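Here is what each chain is made of, one letter per residue.
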Amino acid sequence: MRSYLDLSVARDLAEIASTFRNVSKLRRYMRAYAASVGTTAEHATIHHAAEVAKATGETYHDLLDRLGLIEELPGWSHNRLKRLTKRPKRHLVDPALAAADHHDTASVLSGNRARLGELFESVVVGQIRATAEALGLGWRFGHLRSAGGDHEIDLVADLPDGSVLAFESKLSQAVGPADVRHLATLRDRLGDAFRAGFVVHPGATAFRIGDRIAAVPLGTLV
């Protein structure tokens, strides 16, 4: 996977920016970006980690987007909810690339549940987006986060008929009422426009938790 990133940056970049020469610096930015997968890290934080100036970082961000390596999730908005952040969630087209670029092996991740949770969220988001696109469903996606950070949902889908689906990721098979409080809040605020909410987990069992809210295994989304 790391070799793929090196090749993509070195070879594919030449097709869209023939005069670009500082590949090693762009790869450093790529690694800094990969560290922020599944978060709403500010551009300035990524620039600082990569040791690049703001203008340079913005150029690198654009190049990676054009290469199809990053796939950000915009902030979701709705006229019934106020003060929602517009900052995007950072994602790569494949979270395995982020894991590989930081040598996130199974043994490393077993001691870093926070990082594992961010990567799992990115897997969930990427799988749902890819499936919806492959099926031509016409869904529009975003993530929900209140300005104060007290209300968050990993993925919200606006359906063509005006209804909404919402998804949360949880790196545990033990899913209970406390894990769906944000989904329940969104359901109560949207009313009939809320089609369903799902907590996606790594287990093997799907079960209902509440009104229009269920826990589902990641495998059911493949």
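Residues numbered from 1 in each chain as written. Predicted model: local features only at pLDDT ≥ 70, side-chain atom pairs only at ≥ 80, totals over all residues. Heavy atoms only, no water.

### Some thoughts on the pattern of salt bridges
As a working rule, side chains carrying opposite charge can pair if their charged atoms are close by.
Here's step 1: What the rule picks out here adds up to 14 salt bridges.
Here's step 2: Between Asp104 and Arg115 there is a salt bridge; the shortest N-O distance is 2.8 Å. Here the residue Asp104 occupies a position in the loop between α5 (95-101) and α6 (106-110), and Arg115 occupies one in helix α7 (residues 113-134), the gap between them amounting to 11 residues.
Here's step 3: With relative accessibility at 14%, the residue Asp104 sits in the buried group.
Here's step 4: Ionic pairing is found between Glu152 and Arg145, a salt bridge with its closest N-O pair at 3.7 Å.
Here's step 5: Given the relative accessible area of 30%, Glu152 is considered partly exposed.
Here's step 6: When salt bridges with common partners are traced through the structure, they connect Asp6, Arg27 and Asp101 into a single cluster. (Salt bridge = Lys/Arg side-chain N within 4 Å of Asp/Glu carboxyl O. Helix = DSSP H or I, 4+ residues; strand = E, 2+ residues; numbered from the N terminus. Buried < 20%, exposed > 50% of the residue type's maximum accessible area, 1.4 Å probe, protein only.)

### Let's talk about the nonpolar core
Here's step 1: Membership of the largest hydrophobic core comes to 26 residues, with the highest contact counts inside it found for Tyr29, Leu64, Leu69 and Leu92.
Here's step 2: Of all the elements in the fold, those that place two or more residues in this core are α1 (2-16), α2 (23-34), α3 (43-50), α4 (54-66) and α5.
Here's step 3: For this core, the leading source of residues is α2, giving six residues.
Here's step 4: Among residues more than four places away in sequence, those in contact with Leu64 are Leu26, Tyr29, Met30, Leu69 and Ile70.
Here's step 5: By size, the runner-up hydrophobic cluster in this structure holds 19 residues, among which are Val175, Val180, Leu183 and Ala193. (Core = buried A, V, L, I, M, F, W, Y, C linked by side-chain atoms within 4.5 Å. Contact = heavy atoms within 4.5 Å.)

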